[in-house]
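# Understanding the architecture of this molecule
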Amino acid sequence: MRAIDDTPLRKFERAIEAQGIIGGLRVLNGRAPHRFTGIYRYMPTILKNVQLIDAFTPELVRGDDVPLEDAYCLLLSARRQLVFGDLDNLPCAVKVASPVVSYCGTLLVRSNGEPYGSLCHFDVNRCQHAGTEIALLETVAPILMNLLEEQER
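Figured I'd write up the structure that's included with this text. Predicted model, so just to flag it, every value in this text is computed and none were measured.

### Digging into the overall build of the protein chain
Secondary structure assignment for the protein chain yields four helices and six strands. For the protein chain, the succession of helices and strands along the chain, N to C, is α-α-β-β-β-α-β-β-β-α. For the protein chain, the C-alpha radius of gyration of 14 Å lies close to 15 Å, the compact-globule estimate for 153 residues. Along the longest, intermediate and shortest principal axes, the C-alpha atoms of the protein chain span 40 × 35 × 35 Å. Across the 153 residues that make up the protein chain, the buried fraction comes to 46%. Partitioning the contacts of the protein chain with sequence separation of at least 6, the portion at a separation of at least 24 is 56%. Across the protein chain, the mean location of the 16 positive side-chain charges is 2 Å away from that of the 19 negative side-chain charges.

This is the structure in structure tokens:
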């Protein structure tokens, strides 16, 4: 994993302190070429949207849930991370029935080691992903997971 300049991390942490999870997601979304940044939770048959940032609709903070079989996030449980700029560059043989064509995501894991869901950037248009974004998502994932688990208590 590449070293991350601590400036984006510090910016993320300040946003979390000031605005909670939604503030942190706004910082992440502001860095990414993707339109959407979200947290999704694995449920038995759906991928439940917990929080969502839409770069085009700033007031939106939650999106639609997705049938599990139609979600690239499901692939994270085996891979831990998934990045593609378009479906022609999908790093696995599995394609799902989704309008998403660009994706950058990492697995969110509970403190007991169980998969919770995903933290991801995605877009329905082709995006050139920045290689540093997956490293930042992996770095902030435990911070977000701790906050999510605190909310559940």
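### Side note on the sheet that holds strand E4 (residues 81-84)
Pairing is antiparallel across the open sheet formed by six strands, whose spatial order is E3-E2-E1-E6-E5-E4. A single partner strand is all that each edge strand has here, and the edge strands are strand E3 (66-67) and E4. In the sheet, strand E1 (residues 36-42) pairs with strand E6 (residues 115-123) via six bridges, with the strands oriented antiparallel. By the bridge assignment, Tyr-40 is partnered in E6 with Ser-118. Running over the sheet, helix H2 (residues 21-31) touches E1, strand E2 (46-54) and E6 and is turned about 70° from E2.

### Things to note about the environment of Pro-99
Within the element layout of this structure, Pro-99 appears in the loop between E4 and strand E5 (102-109). Residue classification places Pro-99 among the exposed positions, given a relative accessible area of 60%. Separated by 29 residues in sequence, Pro-99 and Asp-70 have C-alpha atoms that sit 9.2 Å apart.

### Overview of the pattern of salt bridges
Scanning the model with the defined rule gives six salt bridges in all. For Arg-110, the salt bridge is made with Glu-149, and the minimal N-O distance between the two is 3.9 Å. Here Arg-110, found in the loop between E5 and E6, pairs with Glu-149, found in helix H4 (residues 131-152); they are 39 residues apart in sequence, far enough to count as distant. The class of Arg-110 is buried, set by a relative accessible area of 15%. You can call Glu-149 buried: its relative accessible area is 8%. One network of salt bridges, in which partners are shared, links Arg-41, Arg-110, Glu-149 and Glu-152.

### Regarding the packing of H2 against H4
As a packed pair, H2 and H4 sit with axes 11 Å apart at the nearest point and diverge in direction by 170°. With respect to H4, the element H2 is oriented roughly antiparallel. Residue-level inspection shows Ile-21, Leu-25, Leu-28 and Arg-31 of H2 in contact with H4, the latter providing Thr-132, Glu-133, Leu-136, Leu-137, Val-140, Leu-144, Leu-147, Leu-148 and Gln-151.

Here is what the cut-offs are and how they apply
- Residues numbered from 1 in each chain as written.
- Predicted model: local features only at pLDDT ≥ 70, side-chain atom pairs only at ≥ 80, totals over all residues.
- Heavy atoms only, no water.
- Helix = DSSP H or I, 4+ residues; strand = E, 2+ residues; numbered from the N terminus.
- Rg over C-alpha atoms; globule rule 2.2 N^0.38 Å.
- Buried < 20%, exposed > 50% of the residue type's maximum accessible area, 1.4 Å probe, protein only.
- Contact = heavy atoms within 4.5 Å.
- Lys, Arg positive; Asp, Glu negative; His and termini not counted.
- Charge placed at Lys NZ, Arg CZ, Asp CG, Glu CD.
- Pairing = 2+ DSSP bridges.
- Axes fitted to C-alpha atoms, helices over the stretch in contact; angles between N-to-C directions.
- Salt bridge = Lys/Arg side-chain N within 4 Å of Asp/Glu carboxyl O.
- Parallel < 35°, antiparallel > 145°, perpendicular 65-115°, else oblique.

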